[in-house]
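A look at the structure
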Amino acid sequence: MPEQINEIVYLGGEVAKSLGIARSSLTKYCIALENKDYKFIRGSNNSRAFRSKDILLLQRMKDLVQDKSMTMETAVNVVLSMLPEEERTGAVLEENKVIPQEQQSEEQKENNQLSVLMDKLEYIEEISDRLNSMEKELKDIKTQNKILQDQNEELKTNVETSSNKRDENLLSLIREVQDTKKMIAASQEKKWWEFWK
């Protein structure tokens, strides 16, 4: 008879989001725990379901790995050492109980393979999302770069125009000064002639 579970369970996507980690990281944490005989609830499609205590355990692992810079293996040993032996084994639904390899039906083998495939697909989907995000960021950077280049060209044009106007004004001023000097010289020349008269 299947074990009754009266506790609320959460799916992997929800748990990863609440922990603030990638889905692939959640999978790595789960596999590391399962390698040390910790059991998660398994659904009819053999996917993991998470209870509140599983989420707390995963949160502790995340803190140890990310904040305390522990290795995954050390973090697993630490969090499992805090649990009583009976809490290390999660509920397994009747249809997923372990049976010898030769007794497994083809359907169960396919379910196991499908579960592995689903985990890989989720990982690929996560990478695809990251690539899309990076592509968008790159597009934004290219757009900003284009704007900066246009502004630089406009500034360069403005500087050249301003420089040309300054040069024209300077030449005009020099001509005026020369004309003024000529006029002063001409007026002084008349005075000298008048002086001799």
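Position numbers for residues count from 1 along each chain, tracking the sequence in the order it is written. The predicted nature of this model means local features are confined to residues of pLDDT at least 70 and side-chain atom pairs, given and counted, to a pLDDT of 80 or more, with totals for whole chains, interfaces and linings taken over all residues. The side-chain numbers reported here are obtained from all heavy atoms of the structure, hydrogens and water having been left aside.

**Quick notes on the nonpolar core**
- Residues belong to a common nonpolar core when they are buried Ala, Val, Leu, Ile, Met, Phe, Trp, Tyr or Cys residues joined through side-chain atoms within 4.5 Å. Relative accessible area decides the class of each residue, using a 1.4 Å probe on protein chains only: under 20% of the type maximum gives buried, over 50% gives exposed, and in between gives partly exposed. Grouped together as the largest cluster of nonpolar side chains are 23 residues, with contacts concentrated most on L26, L33, F50 and L58.
- Going along the chain from the N terminus, every DSSP run of H or I of four or more residues is numbered as a helix, and every run of E of two or more is numbered as a strand. When contributions to this core are tallied by element, the ones reaching two or more residues are α1 (12–19), α2 (23–35), α3 (52–67) and α4 (72–81).
- Considering each element in turn, this core owes the most residues, six residues, to α3.
- Apart from residues lying up to four places away in sequence, L33 is in contact with Y38, F40, L57, L58, M61, V76, V79 and L80. For this analysis, residues touch if any pair of their heavy atoms sits within 4.5 Å.

**A few points about the packing of α3 against α4**
- At a closest axis distance of 9 Å, the pairing of α3 and α4 adopts a crossing angle of 140°. Considering the angle they form, α3 stands oblique to α4. The interaxial crossing formed by α3 with α4 has right-handed handedness. In this structure, α3 uses L57, R60, M61, L64 and V65 to contact α4, whose residues at the interface are M72, A75, V76, V78 and V79.
- Side-chain classes are defined by residue name, with Ala, Val, Leu, Ile, Met, Phe, Trp, Tyr, Cys and Pro counting as nonpolar, Asp, Glu, Lys and Arg as charged, and the others, Gly among them, as polar. Grouping the amino acids of the contact of α3 with α4 by side-chain chemistry returns nine nonpolar, no polar and one charged. Between the N-to-C directions of two axes lies an angle of 0 to 180 degrees, each axis being a line fitted to C-alpha atoms and, for a helix, fitted only over the stretch in contact. Under this scheme an angle from 65 to 115 degrees is roughly perpendicular, one under 35 degrees roughly parallel, and one over 145 degrees roughly antiparallel; angles in between are oblique. For any pair of crossing helices, the crossing counts as left-handed if the nearer helix is rotated counterclockwise from the farther one by less than a right angle, and right-handed if it is rotated clockwise.

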